[in-house]
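Secondary and tertiary structure notes
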Amino acid sequence: MLWDKLSNAELAFTFGDVILLPGKTEVEPSEVDLTTHIGEISLSVPILSSPMDTVTEAEMAIAVARMGGLGVIHRNCSVEEQVNMAKAVKRAESFIIREVVTVSPEDTVDKAQQIMKEMKISGLPVVEGSRLVGIITRRDVYFAEDGNLRVKDVMTKDVITVSPSISPDEARKIMSTYKIEKLPVVDDSGSLVGLITAKDVFYRESHPFATRDEEGRLRVAAAISPFDLERAKALEPYIDLLVTDVAHFHNENAITAAKRVIREVNIPLVVGNIGTYEAAEELITRLEIVGLRVGIASGSICTTGEVTGVAAPTLYAVAKVSTAVNKYGSKVAIIADGGIRGPAEAAKAFAAGADAVMLGFALAGTKESPGSPLIVGGKMYKVYRGMGSPSARSKRFVLDRYSKPSKDIAEGIEGLVPYRGDVATVIDKFVAGLKAAFGYVGASNIEEMKRKAKLAILSPIGTREISPHDVKPMEKLSP
Ligand code: XMP
């Protein structure tokens, strides 16, 4: 019996063990569409940034969403801090601003000027009660020589307004035609209900594939512990997706707690991490979820496998989980998490059944990750640490990421990763690499990649052969 365990042991393949085989293709990389879905959320780039305190705060979430992915804000902070980060993402770009700063016609021009200066805005709608009666801009203020004049003396009374149902395209056309930068939004009774600014409309054009909600704001996800219902409720008004942050989610207590979150919080939920067929089967049949975070102990900063001897490497885990998802005809998205250094690992994850990838290491070295770059030996680095590392655990908010008995054991490390510039450049390169891989396989989208891609096992000698070998790279020759 016990011998069977060994002699029948499965091969838990990792990314480095396999290669993608080229297939007959009619697909040019430029024709590949990487769009994916997590529940109702559509992503034009299938990348999520990891909820780690050296990876995703507001700046990262904004940058990743602008590129068409989704940032998952970490939870190693107070509820208030996490909520403020989510709010910052929602405020970063909005098509219709709902909380509009206004003045009254009886206010002095001086006051209007001061508000514009303090709030760094260039124009203010003028309201009587909630009724829009005019607009005052920096230009009106600039030419008013007497600061004691009233707003009503200098404002533009004949204001071009739009209704709340206007589309971004229509707004842009009106702004171009009338050469105006602010477009007040009024309801049927003439009350001001919002404001559209040229900056927000034209920002959209520079990021046409950004991940946005119905109001044109960037989408954002947030990590929670399934046991922290209060955090989930506090985040609810500001986020689009909740993602549990648990090292081993196939746990009865975590499942029961997640059920309560699903019942009481009206935000779609991704759960994980998991790594087996059985875990996937149980979660997709017992929980109303939109995604699974898949992979245990493959992360670049993980020591779980080393410390405990337990792991479900991401490639193996994704293949197992996708077998269960397919068997049940489930629409749950599989998010491959851990060990994805670049497009090569990501492409293999898609081939094994993933719908999206979650990146820690690959984004930790960017300008938008938290903290400033450090210079060591003349080279720039950023700090990257596991959420189970001693320093991350010392903040105490993530102790429940790991099971109770292991709370005293570190399951991650802290280190430096090379500085890599901005997220946009890193994601652009990642996407280009992925599209090239899809081209080799002959897949024009993720579903085709799952269906058509063939994987082959690589020998240790083969592993050496498919990387540059025998030649000393030029950059290593320079002093
Ligand atoms: P990469 O390889 O992208 O992996 O750096 C990021 C993922 O690693 C997980 N994670 C951890 N796993 N100990 C672990 O065993 C840790 O301290 C730790 N911190 C993060 C997590 O799933 C993340 O997305």
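Numbers given to residues run from 1 along each chain, matching the order in which its sequence is written. Under the rules for a predicted model, residues below a pLDDT of 70 receive no local features and side-chain atom pairs below 80 are neither given nor counted, while totals for whole chains, interfaces and linings still include all residues. Computation of side-chain values: all heavy atoms of the structure, hydrogens and water removed.

**So, the overall build of the protein**
Numbering of helices and strands starts at the N terminus; helices are DSSP runs of H or I of at least 4 residues and strands are runs of E of at least 2. For the protein, the count of helices and strands is 20 helices and 19 strands. Based on the C-alpha atoms only, the size of the protein along its principal axes is roughly 90 × 50 × 50 Å. Using a 1.4 Å probe on the protein chains alone, a residue whose accessible area is under 20% of its type maximum counts as buried, one over 50% counts as exposed, and one in between counts as partly exposed. Evaluated residue by residue, the protein yields a buried proportion of 49% over its 479 residues. Two residues form a contact once any of their heavy atoms are found within 4.5 Å. In the protein, the share of contacts with a sequence separation of at least 24, taken over all contacts with a separation of at least 6, comes to 64%. The method behind every accessible area is Shrake-Rupley, applied with a 1.4 Å probe, and residues are considered shielded solely by the protein chains displayed. Summing over all exposed atoms, the protein offers an accessible surface of approximately 23700 Å²; the carbon and sulfur share of this is 53%.

**Some details on the packing of aromatic side chains**
Ring geometry is summarised as follows: Phe, Tyr and Trp rings, the Trp one being its six-membered ring, pair when their centres sit within 6.5 Å, and such pairs are stacked at plane angles under 30 degrees, edge-to-face over 60 and tilted between the two. A complete count under the given rule lists one aromatic pair for this structure. Measuring from ring centre to ring centre gives 6.1 Å for Phe350 and Phe438, while their planes differ by 65°; the resulting arrangement is edge-to-face. Taken together, the residues Phe350 in helix H14 (residues 343–352) and Phe438 in helix H17 (residues 423–441) connect sequence positions 88 residues apart. Note on accessibility: Phe350 and Phe438 belong to one class, buried.

**Some words on the site of the ligand**
Only heavy atoms are used to decide nearness, and a residue is near a molecule or strand if one of them lies within 4 Å of it. Near the ligand there are 24 residues, and of these Ser50, Thr304, Asp337, Tyr384 and Glu411 occur at the shortest range. Any pair of N or O atoms that falls within 3.5 Å is considered a polar contact. Within protein, one atom must be able to donate a hydrogen and the other to accept it, and sequence-neighbouring residues count only if both atoms are side-chain atoms. The separation between an oxygen atom of the ligand and a polar main-chain atom of Gly339 is 2.8 Å. Protein chains shield 97% of the accessible area of the ligand, which is 520 Å² for the free molecule. For the shell around the ligand, the class distribution of residues is eight nonpolar, 12 polar and four charged. Any residue outside Ala, Val, Leu, Ile, Met, Phe, Trp, Tyr, Cys, Pro, Asp, Glu, Lys and Arg is labelled polar, Gly included; the first ten of those are nonpolar and the last four are charged.

**Structural notes on the domain arrangement of the protein**
Per the domain assignment, the segments making up the protein are domain 1 (2–92 + 210–474) and domain 2 (109–202). Residue ranges for the domains trace back to a domain assignment, done automatically or taken from a database. Inter-centroid distance (C-alpha atoms) of domain 1 to domain 2 is 43 Å.

**Regarding helix H4 (residues 109–119)**
Turning to H4, its buried residues are Val109, Ala112, Ile115 and Met116. Here the buried residues of H4 occupy an arc of 125° about the axis, which is enough to place them on one side. In this structure, H4 carries Lys117 and Glu118 as exposed residues pointing more than 90 degrees from its buried face. On the buried face of H4, the contacting elements are strand E6 (123–128), strand E7 (131–137), helix H5 (138–143) and helix H6 (151–154). Taken from the helix axis, the directions to the C-beta atoms give the arc we talk about.

**Description of the environment of Lys117**
Relative to the assigned elements, Lys117 resides in helix H4. Remark: the alpha-carbon pair of Lys117 and Lys179, spanning 62 residues in sequence, is separated by 23 Å.

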